[in-house]
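Below, each chain spelled out in residue letters.
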Amino acid sequence: MESDTSENYEDFYTEEDAQKHEKLVDKVLRLNKTQHIRKPSRTEPTLQISEFNLVKSSGGDKGSVEINDLTKSLRNRKSRLRISENVKRAHKASHTLPKPLEKPQANKIRRTVAYEKTRLELDRWEATVTANRVSTNLSFPLNDDVKMDQKESENFASMWRVKSKLAEELEKHEPTVEEYHISLEQEEFPLTMKEMLARRKEAAKLRAYQGYKEAKARRQNKIKSKKYHRIQKREKIKKKLKEFEQLQKTNPEEALKKLEEIEKSRIEERFSLRHKSTGKWARNQQIRAKYDKESRQNLAQQLTLSRDLTQKSKTNGSSSEEEDEDVEKAPMGIDETNPWVNGVKPGKEVADFISGYRKYWLEQNKTAQKSDAEKTEDVLENSENVDSNLIKLDQPESNKNVLLKKKKQKVVTSDLSFDVEETVEKLEKDKKVPQKKKKQKRNEQMNNSKSTSEWEVSLVENGEAVEDMFKRAENKLKKKMLRNVKQLKKKLVPKTLAKLQREVAKDKVKVDLSLPIQKKTPQIDEALIENIDAEIRSNEELSNLKTILSSQTKQKPCDIDPEKYLKINPTNLATAIPNIVTNEEVDDQRAVISEAFEDDDIVDEFNKDKSNEADKDKPKNINLTLPGWGSWGGTGVKVNKRKKRRFTLKAPKKIPRKDDNKGFLIINESAQNKVKEHMVSEVPFPFKTVKDFEASVRAPISNTFMPETAYKKLIKPAVTTKMGTIIEPMSKDLLLNKNS
Amino acid sequence: MKVKVISRNPDDYLRETKHDIHKVPRNYDPGLHPFEAAREYTRALNAVKLEKVFAKPFVGNLDGHRDGVSCISNHPKRLSVLISGAYDGEVRVWDLPQKLCLRSFVAHEGVVRGVIYNPAGNHFLTLGDDKTIKTWKTAAPQFGEEEEPVNTVISKTVLTGISHHVKDPVFATCGEICQVWEETRNEPVRTFEWGVDSLHDIAFNPVEPNLLASCASDRSIILYDTRDSGPLRKVVLKLRTNKICWNPMEAFIFTAANEDYNLYTFDTRNLKKPANVHMDHIGAVTYVDYAPTGREFVSGSYDKTIRIFETSKGHSREVYHTKRMQRITCVQWSLDNKYILNGSDEMNIRIWKARASEKLGPLKPREKAALNYSEALKEKYAAHPKIRRIARHRHVPKHVYNAQKELRTIRDKGKRKDANRRAHSKPGEVPHQPEREKHVLKEDQ
């Protein structure tokens, strides 16, 4: 009522009256005790409008003014009809903007996009950096043309100018105010129009990309459909599988890890009760299954799912027996109505196929009974032809495991079906008419079944001859052979292939410009040998003895004395040096020598020498007693015997020697020691073979052995710096193409 | 009768001027020099011994601060100037060749957290615990004038670190949040936030100057883009990173000094694992700075030593220490690649040579050639055990030696345990984890 009156008298009210009226209405409303939420009203113009006041009016839609209502008042006049139309059109065309993404999500998207961009930007440096890393000698500062600072040069010139008297005078009166100047030049090189446009374009592209990503995220967040999510999930699984396969090829270690994860999930599934037919839902379904086809299917699906999930994942090199079993199992009739029967995959396609197949089989039975033996023979011939043709067709696509079975077995693959049909038809046109009909029928049925490419389905005709069985066996053998060959090939090929792929993958991740190192020198990357002073001065003898003692237990002396057994005939070494000494001569010489030294006992003498040598090399006992430590010391005081015994480090009585059991041979073991400590024990890092390393050492670098120019090149240091020059960080000018 | 006369062309044996080297006719046939390698080896051995004889890296000491030195900064245009801030709020300007203090004044109440020159070198900024950023003139005040900042900005938040843009009058500070300032304005131009943890260090990329990196107290390193997008990515390590430094010659490489005694070199484009792990310190690494050549970096540590690392190698090539030097708070590599300056807890700033046995000052060409030659020889024979032993032998204080021994046993223990676990479990269950993959916890997008 109120609103009506106010509308009527609106024009006559002054502002004061309006306020008064409002107050009155307020008072009246207050009489009514119940609290009304009032619309917030602004009295002051402010820049910041609180978001809390942006509610819909308390009175519902009535309170707000709609443009349509306003335009209604215009309809009377013809000239303004246009306006209302425009408004309507605008109203139709416009729609509310989508709610912005949640902040964390939006931020994440922004960050990922920005990071990718910066990564690309940083990639531009790859070439420069690699070039610098590889180069054998760099001289810093890098940029050769030293830029003179323009301003500095100006100042420099002005310093030498003689000032006039007037200028000096002026300076006295107006001391120069030191100003705090900061150059605000952002760009050193002002952009051209083209560059500016390019930059704008790039920014727009980036924004669009970001927007696209956001929109996608938003869209996906909104979808509630279970089916969609199911499909999504399936896709994800497929993708994962694909990735896994890829991984298997490229990175077997990772793949193994993943496989373990799968195994783990399988185990979890096994000991959980999920996907078993024991739950409430499953029991309900069971009850319903008698009458409802859908519930039956559901149950079957559930069971197969559990079976799939709990099945051990097959290893790649599964034995041929299993596969054979599969082949034979497939054609076995699967009772569609019974979900508990071991159906390998009760998908719709398979079910369809099976039903079709059954029909066909029944028909076939009937016709087989009717037909003559001759006719069947003809059919056999015909099918043989077809098969051979099929094989020919197949050859280019040998990768796609299309299996073909000769005689009475047909394979229809989705990939090939069309071509096969055509060829079959063509062939049959040439042949007799009655068979043609039959054939076509068969083909039609097969095509109806729409089997997938991975499924191998074979049709078995009723009357199986013994001959056919043999042939089948032959086929199987052939298949096995083929498979074996394939596996072998796989084993041989993928190593290199995997390597290549890995390299490709690496390339994708980042630009790789690595070059072989030009100058090979041993790279030593190991900790410094850090010591305190005391450690250096250690008793050499003591340490020697200690090492001997520690190593003693490990060595096992062999107890065989070859002298005791028998004299071994000299073996001729395979050398290029001709064996001049003949046996006869040797015998002669021996006789001469024995004659000359008849009186001397050479053997005895030699043995004495040998034992002397051994004694010389034997480590001696070390006496560590300190005179006067713990007892009286001085001249004439004897050190306690027990103490002496206690503090002497005893050397082992016998140390195994290399010449222990070598008979008439003395090996001087210490002769090598002096050289040994200078020799390298293992090939240092960048070198791969001893030969390479030896070659690098053998090549001299000094000017005693090399011409002066070569010498100068060889001794060039890796890094040279100019004295007293500041080395500035690399600047972006390096990336500019100076020629253009 | 035929008479044979010995005749020699003087061009073959006489030099043109006395500044030339004597002409020595030589036959370079390797068959005539059977002991080439042996002779060079001996020379290399001598060279490496001489290197040790001349290895005297300590150059000088700047004393004057009355509290520990908290931060130092090089002048971007002059090699002889250094500026340092201390824990008591004092800032000092030093003349390096004369080892003199040119200026000293109290700049802040409380600790001076950061000192930095602007790229032109005519002003420097200081940053203190009193939440102020002060701008000072490089030129010393005239006689009678007082030390006064040109500009003082009072920040709303705590400030802990500062880094200046290479060219522009823009600098960034960190504290509770990361802020980018323009020198002419008193309000930050931009602020970046990611998470609630406080930041304790920040560094502008010198090559790609719109990239910023900072380390936060939640053990993470955060990358920012100053242009528009703000934070880019975050890497979380096992322990806190104390300081980061960008490689001045390789735009995408930076090194982080970590609390777990190691330094990690990262490639910005692949943050999943560090490009290199540098280990040798036996205390938390507090500071890292790159050589201007980008080939090496120096690190200071809580274990009272300074170490120099080559960027491509995992172990240090040099360790510096003195008896009185305490915990290192800051290290700087001088811009001519010759010296290393470091401030430490015990109020001194020390000057070191970057290469311990390098001869300072101008060299005669022959001298230079001889030094280069011996350097090349050392490089060539580096793998030989005698030379290696001498070249890599360092004397370290007892506490470092002992701590190192302890650390080694700890690491060995870990390795042994791993090996045992691997040996006694199903093959492939306990895979070998390379050192580089052990330290990064996660990479946040």
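Sequence positions are assigned chain by chain, starting from 1 and proceeding in written order. Key to labels: chains lettered from A, ligands numbered from 1, both in the order written. Two thresholds apply to this predicted model, a pLDDT of at least 70 for residue-level local features and 80 or more for giving and counting side-chain atom pairs, whereas whole-chain, interface and lining totals are computed over all residues. Where side-chain values are given, they derive from all heavy atoms of the structure, hydrogens and water being excluded.

## Some points on the overall build of chain B
- The secondary structure listing takes helices from DSSP runs of H or I that are at least 4 residues long and strands from runs of E that are at least 2 residues long, numbered from the N terminus. Each helix and strand counted, chain B has five helices and 30 strands in total.
- By residue count, 53% of the 445 residues in chain B fall in the buried class.
- The contacts in chain B between residues at least 6 apart in sequence include a share of 49% that link residues at least 24 apart.
- Using the Shrake-Rupley algorithm and a 1.4 Å probe, accessible areas are obtained, with residue cover drawn only from the displayed protein chains. Carbon together with sulfur atoms contributes 51% to the accessible area of chain B, which is approximately 21,100 Å² in total. For the exposure calls, accessible area comes from a 1.4 Å probe over protein chains only, and a residue counts as buried if that area is under 20% of its type's maximum, exposed if over 50%, partly exposed in between. Every residue pair with non-hydrogen atoms within 4.5 Å of one another is taken to be in contact.

## A short note on the pairing of strand 28 (residues 348-353) of chain B
Residues and elements named next belong to chain B.
- With respect to burial, strand 28 is a largely interior element, six of its six residues being buried.
- Only strands that DSSP links by at least two bridges are regarded as paired with each other. As paired strands, strand 1 (residues 58-63) and strand 28 are joined by five bridges and run antiparallel to one another. Each residue of the ladder has a partner; that of Gly 60, found in strand 28, is Ile 351.
- As defined by bridge partners, strand 27 (residues 339-344) adjoins strand 28 across five bridges and the pair is classed as antiparallel. Opposite Tyr 339, over in strand 28, you have Lys 353 as the bridge partner.
- Where strand 27 hands over to strand 28, the hairpin turn is made up of three residues, of which Met 347 adopts a positive phi near 80°.

## Concerning the sheet that holds strand 13 (residues 190-192) of chain B
Residue and element names in this part refer to chain B.
- Taken in spatial order, the four strands make up an open sheet running 10-11-12-13, and their pairing is antiparallel. Two strands in the sheet have a free side with no partner beyond their single neighbour: strand 10 (159-164) and strand 13. Across the sheet, the mean angle from the axis of one strand to that of its neighbour is 20°, orientation sign disregarded.
- Two elements, strand 12 (residues 178-182) and strand 13, share three bridges in a ladder whose sense is antiparallel. Under this scheme, a helix contributes an axis fitted over its contacting stretch, all axes are lines through C-alpha atoms, and angles between N-to-C directions fall in the 0 to 180 degree range.

## Focus on the interface of chain B and chain A
- In this complex, chain B contributes 97 residues to the contact, which on the side of chain A involves 81 residues.
- For the chain B and chain A pair, buried surface summed over both sides reaches about 8,000 Å², with 58% attributable to carbon and sulfur atoms.
- The largest contributions to the chain B side of the interface with chain A come from Met249(B), Arg269(B) and Arg392(B), which together make up 10% of the buried area.
- We define a salt bridge as a contact between a side-chain nitrogen of Lys or Arg and a carboxyl oxygen of Asp or Glu at a distance within 4 Å. Across the contact surface, chain B and chain A share ten salt bridges.
- One salt bridge in this structure joins Arg124(A) and Glu208(B), with 3.1 Å as the shortest N-O distance.
- Distance and chemistry together define a polar contact, namely a pair of N or O atoms within 3.5 Å, with one atom able to donate a hydrogen and the other to accept it when in protein, and with adjacent residues in sequence counting only for side-chain atoms on both sides. Our enumeration of links across chain B and chain A arrives at 32 residue pairs in polar contact (both at pLDDT 80 or more).
- For the side of chain B that touches chain A, the elements supplying multiple residues, two or more each, are helix 2 (36-54), strand 8 (132-137), strand 17 (230-237), strand 25 (316-320), helix 3 (365-380), helix 4 (385-392), strand 29 (393-395) and helix 5 (398-423) of chain B.
- Polarity classes work like this: nonpolar for Ala, Val, Leu, Ile, Met, Phe, Trp, Tyr, Cys and Pro, charged for Asp, Glu, Lys and Arg, and polar for all others, with Gly in that last group. In terms of residue class, the side of chain B that touches chain A is built from 39 nonpolar, 22 polar and 36 charged.
- Where strand 2 (residues 529-531) of chain A lies against strand 29 of chain B, three bridges are found, and the strand directions are parallel. Buried area is a sum: the accessible area each of two parts loses on coming together, probed at 1.4 Å, counted once for each and added.

## Some words on the pairing of strand 24 (residues 306-310) of chain B
All names here are of chain B.
- The element strand 24 is largely enclosed, with a buried count of four among its five residues.
- Where strand 23 (residues 296-301) meets strand 24, five bridges bridge the pair, whose relative direction is antiparallel. Considered in strand 24, the bridge of Glu 296 is made with Glu 310.
- Here strand 24 runs beside strand 25; their pairing, made up of four bridges, is antiparallel.

## Remarks on the confidence of the model for chain A
All names here are of chain A.
- Of the residues in chain A, 58% reach a pLDDT of 70 or more, and the chain-wide mean stands at 70.
- As a per-residue measure, pLDDT tells how confident the predictor is, with possible values from 0 to 100. Within the model, the stretch residues 315-347 combines pLDDT values under 50 with 33 contacts to residues more than four positions away or in other chains.
- Every residue in residues 557-562 is under pLDDT 50, and counting partners more than four places away or in other chains gives five contacts.

## Let's talk about the pattern of salt bridges
Residues and elements named next belong to chain B.
- In total, this model carries 38 salt bridges over all chains according to the counting rule given.
- Between Arg 269 and Asp 267 there is a salt bridge, with its nearest N and O atoms 3.0 Å apart. In this structure, Arg 269 and Asp 267 share a single accessibility class: buried.
- Put simply, Arg 394 and Glu 318 hold a salt bridge, and the shortest N to O gap is 2.7 Å. With Arg 394 in strand 29 and Glu 318 in strand 25, this residue pair connects regions lying 76 residues apart in the sequence. The burial state of Arg 394 is the same as that of Glu 318; both residues are buried.

## Some details on the environment of Ala203(B)
Residues and elements named next belong to chain B.
- Looking at the secondary structure, you find Ala 203 in strand 14 (residues 199-204).
- Owing to a relative accessible area of 9%, Ala 203 belongs among the buried residues under this scheme.
- Separated by ten residues in the primary sequence, Ala 203 and Ala 213 have C-alpha atoms spaced 5.3 Å apart.
- Ala 203 has contacts with Ser 163, Leu 211, Leu 212, Ala 213, Ile 244 and Trp 246, leaving out every residue within four places of it along the chain.

## Description of a nonpolar patch on the surface
- For patches, a residue must show more than 30% relative accessible area and have no salt bridge; joins then use 9 Å for like charges and 5 Å for nonpolar side chains, namely Val, Leu, Ile, Met, Phe, Trp and Tyr. The grouping of Ile593(A), Phe597(A), Ile602(A), Val603(A) and Phe664(A) at the surface amounts to a nonpolar patch, some 480 Å² of accessible area in total.
- Counting through the fold element by element, Phe664(A) comes out in the loop between strand 4 (648-649) and helix 27 (673-676).

## Describing a negative patch on the surface
Residue and element names in this part refer to chain A.
- Residues Glu 595, Glu 598, Asp 599, Asp 600, Asp 601, Asp 604, Glu 605 and Asp 609 make up a contiguous surface patch of negative charge.
- Sorting elements by how many residues they give to the negative patch places helix 25 (residues 602-617) first, with three residues.
- Looking at the secondary structure, you find Asp 609 in helix 25.
- Looking at Asp 609, the relative accessible area reads 43%, which means it is partly exposed. Lys and Arg are tallied as positive, Asp and Glu as negative. Neither His nor the chain termini are counted. To locate a charge, take NZ of a lysine, CZ of an arginine, CG of an aspartate or CD of a glutamate.

## A closer look at the packing of aromatic side chains
All names here are of chain B.
- Only Phe, Tyr and Trp rings are paired, with Trp represented by its six-membered ring, and only when their centres lie within 6.5 Å; those with planes under 30 degrees apart are stacked, over 60 edge-to-face, the remainder tilted. Enumeration according to the criterion identifies 14 aromatic pairs over all chains in this entry.
- A centroid spacing of 5.6 Å and a plane angle of 25° characterise the contact between Phe 254 and Phe 266, whose relative ring orientation is stacked. You can see Phe 254 sitting in strand 19 (residues 253-258) and its partner Phe 266 sitting in strand 20 (residues 262-267), a full twelve residues away along the chain.
- Classification of Phe 254 as buried rests on a relative accessible area of 1%.

## A closer look at helix 10 (residues 226-250) of chain A
- What a helix should span is 1.5 Å times the count of its residues minus one. Taking 1.5 Å of rise per residue, 25 residues should cover 36 Å, and helix 10 of chain A covers 35 Å from first to last C-alpha, within 8% of that figure.
- Every buried residue of helix 10 of chain A is accounted for by Phe244(A), Leu247(A) and Thr250(A).

## Re the confidence of the model for chain B
- Scored by pLDDT, chain B has a mean of 93; 100% of the residues are at 70 or more.
- Reported for the predicted complex are a pTM of 0.62 and an ipTM of 0.91.

## Thoughts on the state of the cysteines
All names here are of chain B.
- For the purposes of this analysis, a disulfide is any pair of cysteine sulfur atoms at a distance within 2.5 Å. Scanning all chains against the criterion turns up zero disulfides over all chains.
- Cys 174 provides the cysteine sulfur closest to Cys 215, a residue in no disulfide bond, and the two sulfurs are 7.4 Å apart.
- Taking relative accessible area as the criterion, Cys 215 reaches 0% and is therefore assigned buried.

## A short note on the packing of helix 5 (residues 103-123) of chain A against helix 9 (residues 193-222) of chain A
Residue and element names in this part refer to chain A.
- Packing of helix 5 against helix 9 leaves a shortest axis separation of 10 Å and a crossing angle of 140°. The handedness of the crossing between helix 5 and helix 9 is right-handed. Here Gln 105, Ala 106, Ile 109, Arg 110, Thr 112, Val 113 and Lys 117 of helix 5 come into contact with helix 9, specifically with Glu 202, Leu 206, Tyr 209, Gln 210, Lys 213, Glu 214, Ala 217 and Asn 221.
- The class makeup of the residues in the contact of helix 5 with helix 9 is six nonpolar, four polar and five charged. Each crossing gets its handedness from the near helix: less than a right angle anticlockwise from the far helix is left-handed, clockwise is right-handed.

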